[in-house]
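As a plain string of letters, each chain reads:
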Amino acid sequence: MRKYLIVFIFFTVCSFVSAQMTVSGILDTSVAVQAGAGDSPAFSSGFEEYANLRFQARLRERGIIYGAINFIAASGSYAAAIQPMAFLGENFIAAIELERLYFRLNGEHTDFDAGLFRLPFGYGQVWGSSDFLNPKNPLKPDARPRAVLGAAFSWYPIDDLKILGFYAAPRDPFSHEGSLFGISLDRHWEKVSIQTLYSYELPKTGSAYGIHRAGLSVKADLIAGFVMDTLYTYNHAAGTKLDGLSFSFGADYSFFDGNLIVLVEYLYNGKSSSTALGYGGSFFNNHYLYTGFTWRINDFANINIGLICGFNDVSFTPVISFNNDLFQGATLTITAQVPLDRDLFHGDGRRGELGPLRPDTLQPHSPETGVLIGRFGSYFSSTVKIRLRF
């Protein structure tokens, strides 16, 4: 009932604010299949209907209200992902999710944003070390970027220079500890862009002196495109050293008049860094490499082949995707992933993080007893999605 109330209030507010409200969005129809490993079913499938509805309403000449709501209906393997916030139908479960809700006030050289909105940082294309509020995961290329509840003040003292001060509420919405403040600076030249970042997270359980984060991201368009993205996280209470560092470096280059694009990006992932599992990220080991090839078949279709490698435990996940514009506003996307590691070929028990069945330390455990709940993974997974834009 509360989810419906949120939608009703949002529509009502926007209707009173402006008669010139614009609406746009996407509608995704997805079907997934998976060959399970360990305790997962030998074969599973899922069906999902997902709509992202976006709203925009102007406040005279100086302000804009933005909003976005997700509507989801799912069954099978998709159902588990939305189960905590869902209500049951006859053969599906459904959910409504508030994705964005914020306003922006525009000045001559300033902007002020407040509400539920995205606060992205860094130029990294694959790993997103500086993007500590929502780091990327190349294993989930279609993941929907999450928003944070906060505020941001932007100042543009000269062209191509932006100074941003920001605030984000604690990660735990029921907590009064762990609010976050920070500042970033973006400077752009003809071929080079630089962003510096500092943030301080107020003390909470596990960080009695607070958490400091300092980052640097550089993008250069030279003979090839180069990106360096790094963030160091320091927690005095945890005795952070090199394990607080997340560092990535990559390059991309196009061949055959831009029909083939090659992207390579390396990640060093410290155990307590922004990209680490349990600290906002998704990765457990130290050294990773992403290699991607995008081939433009014609003006309407392309194929992408990416290989994600974990060097510490010798594990790999190839990710293959095919995209085709069926007609204006409609796109067909087919993706497939095939996790690989040494145990798959030799049966020696040396399972890898990116393999079909990850090590027991990365499997779900009971929060009360710490006992391993089960071993879940997949030998193969594939998704077919049709996206309609309106």
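Not measured: the values here are computed from a predicted model.

## What about the overall build of the protein?
Point 1. Helix and strand counts for the protein come out as 3 helices and 20 strands.
Point 2. For 390 residues, the compact-globule formula gives about 21 Å, and the C-alpha radius of gyration of the protein, at 22 Å, lands near that figure.
Point 3. Each of the three principal axes of the protein carries a C-alpha extent, and together these read 65 × 55 × 55 Å.
Point 4. Within the protein, the proportion of its 390 residues that are buried is 42%.
Point 5. Long-range contacts, defined here as pairs at least 24 residues apart, represent 49% of the contacts in the protein between residues at least 6 apart.
Point 6. Here the protein has roughly 21,000 Å² of accessible surface; of this, 62% comes from carbon and sulfur atoms.

## Brief notes about the packing of aromatic side chains
Point 1. Applying the stated criterion across every chain yields a total of 12 aromatic pairs.
Point 2. Centre to centre, the rings of F103 and F112 are 6.0 Å apart; their planes meet at 55°, and the pair counts as tilted.
Point 3. Given the relative accessible area of 32%, F103 is considered partly exposed.
Point 4. By relative accessible area, which is 30% here, F112 ends up partly exposed.

## Digging into the pattern of salt bridges
Point 1. All told, the structure shown has 12 salt bridges when counted by the stated rule.
Point 2. With its nearest N and O atoms 2.6 Å apart, the salt bridge here joins D113 to R104.
Point 3. Residues D142 and K385 are paired through a salt bridge, measuring 3.4 Å at the closest nitrogen-oxygen approach. With D142 in the loop between β6 (110-117) and β7 (148-155) and K385 in strand β20 (residues 376-389), this pair connects stretches of sequence that are 243 residues apart.

## Observations concerning the pairing of strand β1 (residues 22-38)
Within a regular beta strand, the side chains point alternately toward one face of the sheet and then the other, so they alternate between its two faces.
Point 1. Examined bridge by bridge, β1 and strand β2 (residues 44-59) share 13 bridges and lie antiparallel to one another. Residue pairing for β2: Q34 is matched across the bridge by S44.
Point 2. Counted between consecutive antiparallel strands, the loop separating β1 from β2 contains 5 residues.
Point 3. Inspection of the sheet shows β1 paired to β20 by 13 bridges, in the antiparallel sense. Bridged to S30 within β20 is K385.

## Some details on the confidence of the model for the protein
Point 1. Per-residue confidence for the protein gives a mean pLDDT of 91, with 94% of residues at or over 70.
Point 2. Mean pLDDT values for the elements of the protein range from 53 in helix α1 (residues 2-17) up to 98 in strand β10 (residues 192-201).

## Considering the side chain of T275
Point 1. Within the secondary structure, T275 sits in the loop between β14 (260-269) and β15 (287-296).
Point 2. Within polar-contact distance, the side chain of T275 engages the side chain of S246 at 2.9 Å.
Point 3. Those residues in contact with T275 that lie beyond four places of it in its chain are W127, G128, S129, P135, S246, L267, N269, G281, S282 and F283.

## Concerning the nonpolar core
Point 1. If you look at the biggest cluster of nonpolar residues, it comprises 16 residues, and the most contacted ones within it are L119, F121, F132 and F166.
Point 2. Sorting the residues of this core by element identifies β3 (63-76), β7 and β8 (161-168) as the ones contributing at least two each.
Point 3. Once residues lying within four places of it in the same chain are set aside, the contact partners of F132 are F121, F166, R171, L180, L197, S199, R213, L231 and S274.

## Section: the pairing of β6
Point 1. Within β6, 6 of the 8 residues are buried, leaving the element largely enclosed by the surrounding structure.
Point 2. Across 6 bridges, the pairing between strand β5 (residues 93-106) and β6 is antiparallel. When the sheet's bridge partners are listed, Y102 is paired in β6 with G115.
Point 3. From the end of β5 to the start of β6, which pair antiparallel, there are 3 residues.
Point 4. By the bridge criterion, 8 bridges tie β6 to β7 in an arrangement that is antiparallel. Bridging from a neighbouring strand, G115 pairs with G150 of β7.

## A word on unusual backbone geometry
Point 1. Non-glycine residue F256 carries a positive phi angle of around 55°.
Point 2. In this structure, F256 sits in the loop between β13 (245-255) and β14.
Point 3. Residue F256 is classed as exposed on the basis of its relative accessible area, which comes to 57%.
Point 4. Although it is not a glycine, D257 sits at a positive phi angle of roughly 60°.
Point 5. Relative to the helices and strands, D257 resides in the loop between β13 and β14.
Point 6. Under the relative-accessibility criterion, D257 is labelled exposed at 83%.

## A look at the environment of S321
Point 1. Within the secondary structure, S321 sits in strand β17 (residues 315-327).
Point 2. Each C-alpha atom, one on S321 and one on I64, is 36 Å from the other, the two residues being 257 residues apart in sequence.
Point 3. Ignoring sequence-local partners within four residues, the contact set of S321 consists of N302, I303, N304, I334 and T335.

Each value, and the rule that gives it
Residues numbered from 1 in each chain as written. Predicted model: local features only at pLDDT ≥ 70, side-chain atom pairs only at ≥ 80, totals over all residues. Heavy atoms only, no water. Helix = DSSP H or I, 4+ residues; strand = E, 2+ residues; numbered from the N terminus. Rg over C-alpha atoms; globule rule 2.2 N^0.38 Å. Buried < 20%, exposed > 50% of the residue type's maximum accessible area, 1.4 Å probe, protein only. Contact = heavy atoms within 4.5 Å. Areas by Shrake-Rupley, 256 points an atom, 1.4 Å probe, with all protein chains shown as cover. Phe/Tyr/Trp six-rings, centres within 6.5 Å; stacked < 30°, edge-to-face > 60°. Salt bridge = Lys/Arg side-chain N within 4 Å of Asp/Glu carboxyl O. Pairing = 2+ DSSP bridges. pLDDT = per-residue confidence, 0-100. Polar contact = N/O pair within 3.5 Å; in protein donor to acceptor, adjacent residues only side chain to side chain. Core = buried A, V, L, I, M, F, W, Y, C linked by side-chain atoms within 4.5 Å.

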